[in-house]
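Coordinate analysis (summary)
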Amino acid sequence: MLDVSLKFSRGSFALDLQFAAPAGSIVALFGPSGCGKSTTANLLAGLLTPLDGHIRVNDEVLFDAATKTSIHAEQRSIGYVFQQPRLFPHFNVAANLRFGLKRSRSAHFIDFDSVVHLLDLQSMLQRHPNQLSGGEQQRVAIGRALLSQPALLLLDEPLASLDVARRNEVLPYLERLRDVLRIPIVYISHQFDEVLQLATHVVLMNHGRCIAQGDLPTISLCAELRSLIGAEAIGAIVDGIVHSIDDHTGLAHIAVGKNFLLTDAQQLVLKQPVRLQLLARDLIISLDNPQRLSIRNRLHGIVVKLEPDDQHSVLLHIDIGGVQIMARITTAACEELHVQTGMNVWVLVKAVTLRGHVFPITKGNSR
């Protein structure tokens, strides 16, 4: 368990933040620049001292104002990766990695060869940082942090300084950390697509406060998220399993709740867990089971909530068999169809709108 309660102030900025997440989570601190994300990371790392509160990682108390406990930063088993890799320029990759081993203060849960394999560093061990791309440097920085055998890994916007190509190069390796290792990770970002791909628990922050927290599917439906990412980017995030793949059509059937979604089968395998985002703007509602349509996905559900969106639209929360999704329709359509809670509806989803919104999850060995 990661259990955090922090109070801190500097100048006109005040932080008052509480959150808790289960072991093995990737906790995403998400919010706009200046909301206190990096300050929180520095407090967790011991680089800043809270005015009040506590920090507990599993059974270890790193800070507790009530008992006047404060473990020095160098004695905390925390791996910290910054926006810039901060590698030693006079060391090659292997030496940079082994520096992490020298900082280890706890029993080893991952060795040098495992980190090299996990992050695909085999071909660059003898190269120096100036011979690496930005994405490669960041992978080495993550490997060095892992080899310090941390009880907690802090990743402070590790992709912010990379271009899109290098960012997409690194993201799959961060997914591997989530799926293969069971150490808690605090991931800081102001890019929601990164949170969507990586996080298991989300803390929404604004003005030094937690405005909402919970697992990713829950947070994807909350009103507080819309104020941070904008109306066009909101949509339900759901988990599913690849049920079958049709080689002839190139489509995969993904079981979600009591329904199936058809989507592009590329890079998917049978029985693979996946995460999907169904954007509210892309969903169409019908009161009847439509037939003879080009739209591949027709999901049966029940309206459980109507939520005002703006002056001219409404958000429908729809249960599709134990899973909630969200659709945006105009206020005029809502009134014309007499939509109300408890009503049976069909949700139409074009398979092509799911491209780029399906993320495989690779299960690996736990720590």
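Here, the structure is the one placed above.
So, here's what we can say about the structure. (Residues numbered from 1 in each chain as written. Predicted model: local features only at pLDDT ≥ 70, side-chain atom pairs only at ≥ 80, totals over all residues. Heavy atoms only, no water.)

Time to look at helix H2 (residues 93-102). Along H2, the positions that sit buried rather than exposed are Val 93, Ala 94, Asn 96, Leu 97 and Gly 100. All buried residues of H2 fall inside an arc of 165° around its axis, so they share one side. Elements that come into contact with the buried residues of H2 comprise helix H3 (112-118) and helix H4 (134-147). At the N-terminal end of H2, a side-chain oxygen is found 3.3 Å from the backbone nitrogen of Ala 94, two or three residues along, and the residue is Asn 92. (Buried < 20%, exposed > 50% of the residue type's maximum accessible area, 1.4 Å probe, protein only. Helix = DSSP H or I, 4+ residues; strand = E, 2+ residues; numbered from the N terminus. Arc of directions from axis to C-beta. Contact = heavy atoms within 4.5 Å. Polar contact = N/O pair within 3.5 Å; in protein donor to acceptor, adjacent residues only side chain to side chain.)

The strand order across the open sheet built from five strands is E16-E20-E17-E18-E19, with neighbouring strands paired in antiparallel fashion. Looking along the sheet, the strands with just one partner apiece sit at the ends: strand E16 (284-286) and strand E19 (324-330). Averaged over all pairs of adjacent strands, the angle between strand axes in this sheet comes to 45°, irrespective of strand direction. Bridging between strand E17 (residues 297-310) and strand E20 (residues 344-349) involves six bridges; their strand directions are antiparallel. In the sheet register, Gly 301 faces E20, and the bridge partner there is Val 345. (Pairing = 2+ DSSP bridges. Axes fitted to C-alpha atoms, helices over the stretch in contact; angles between N-to-C directions.)

Turning our attention to the pattern of salt bridges. On inspection of all chains with the given rule, the structure shows 16 salt bridges. Asp 239 is the partner of Arg 275 in a salt bridge, and the nearest nitrogen-oxygen pair spans 4.0 Å. Taken as a pair, Arg 275 in strand E15 (residues 273-279) and Asp 239 in strand E12 (residues 235-246) lie far apart in primary sequence, 36 residues in all. Close ionic contact of Asp 309 with Arg 328 constitutes a salt bridge, the shortest N to O distance being 2.6 Å. Within this pair, whereas Asp 309 is found in strand E17, its partner Arg 328 is found in strand E19, the two being separated by 19 residues in sequence. (Salt bridge = Lys/Arg side-chain N within 4 Å of Asp/Glu carboxyl O.)

Time to look at helix H5 (residues 164-180). When the terminal C-alpha atoms of H5 are compared, their 25 Å separation across 17 residues agrees well with the 24 Å that a helix rising 1.5 Å per residue should span. If you check which residues of H5 are buried, you get Arg 167, Glu 169, Val 170, Leu 171, Tyr 173, Leu 174, Glu 175, Leu 177, Arg 178 and Asp 179. If you check the start of H5, you find a side-chain oxygen 3.3 Å away from the backbone N of Ala 165, and it comes from Asp 163. (Expected span 1.5 Å × (residues − 1).)

Its location among the elements puts Gln 83 in the loop between strand E7 (78-81) and H2. Taking the C-alpha atoms as reference points, Gln 83 and Ala 160, 77 residues apart in sequence, are found 6.1 Å from one another.

Okay, the packing of aromatic side chains next. By the definition in use, this model includes four aromatic pairs. An angle of 65° between the planes, with centres 5.4 Å apart, marks the rings of Phe 88 and Phe 91 as edge-to-face. Residues Phe 88 and Phe 99 carry aromatic rings whose centres are separated by 4.8 Å and whose planes lie at 70° to one another, so their mutual orientation is edge-to-face. Within this pair, whereas Phe 88 is found in the loop between E7 and H2, its partner Phe 99 is found in helix H2, the two being separated by eleven residues in sequence. Three or more aromatic residues joined by ring pairs make a cluster, and in this case those are Phe 88, Phe 91 and Phe 99. Above the face of the Phe 112 ring, Arg 98 is positioned so that its terminal group lies 3.9 Å from the ring centre. (Phe/Tyr/Trp six-rings, centres within 6.5 Å; stacked < 30°, edge-to-face > 60°. Lys NZ or Arg CZ within 6 Å of the ring centre and 35° of its normal.)

Let's shift gears to the pairing of strand E13 (residues 251-256). The side chains of a regular strand alternate, first on one face of the sheet and then on the other. When E12 meets E13, the two strands line up antiparallel, connected through five bridges. Residue Val 242 lies in a different strand from E13, and its bridge partner there is Ile 254. Connecting E12 to the next strand, E13, in antiparallel fashion are four residues, including Gly 250 with a positive phi near 75°. Across six bridges, E13 lies against strand E14 (residues 259-264) in antiparallel orientation. Across the sheet, residue Ala 252 finds its bridge partner in E14, namely Thr 263. Connecting E13 to the next strand, E14, in antiparallel fashion are two residues, including Gly 257 with a positive phi near 60°.

Turning next to the packing of H2 against H4. Relative to each other, H2 and H4 sit at 30°, their axes nearing to 6 Å. Of the possible angle classes, the one that applies to H2 and H4 is roughly parallel. Note that H2 runs across H4; the crossing there is right-handed. Along the contact surface, H2 presents Val 93, Asn 96, Leu 97, Phe 99, Gly 100 and Leu 101, while H4 presents Val 140, Gly 143, Arg 144 and Leu 147. When grouped by side-chain class, the residues that make up the contact of H2 with H4 number six nonpolar, three polar and one charged. (Parallel < 35°, antiparallel > 145°, perpendicular 65-115°, else oblique. Left-handed = near helix turned anticlockwise from the far one by under 90°. Nonpolar A, V, L, I, M, F, W, Y, C, P; charged D, E, K, R; others polar.)

Another aspect to go through is the state of the cysteines. Evaluation of the coordinates by the stated rule reveals zero disulfides. Distance from the sulfur of Cys 210, which forms no disulfide, to the nearest cysteine sulfur (Cys 222) is 9.7 Å. What makes Cys 222 buried here is its relative accessible area of 15%. (Disulfide = S-S within 2.5 Å.)

Let us now look at the side chain of Gln 149. Its location among the elements puts Gln 149 in the loop between H4 and strand E8 (152-156). You can call Gln 149 buried: its relative accessible area is 0%. Looking at Gln 149, its side chain comes within polar contact range of the main-chain nitrogen of Phe 109, at 2.8 Å.

Another point: unusual backbone geometry. Although it is not a glycine, Asn 58 adopts a positive phi angle of roughly 55°. In this model, Arg 86 sits at a positive phi of 55°, which is unusual for a non-glycine residue. With respect to the helices and strands, Arg 86 occurs in the loop between E7 and H2. Taking relative accessible area as the criterion, Arg 86 reaches 54% and is therefore assigned exposed.

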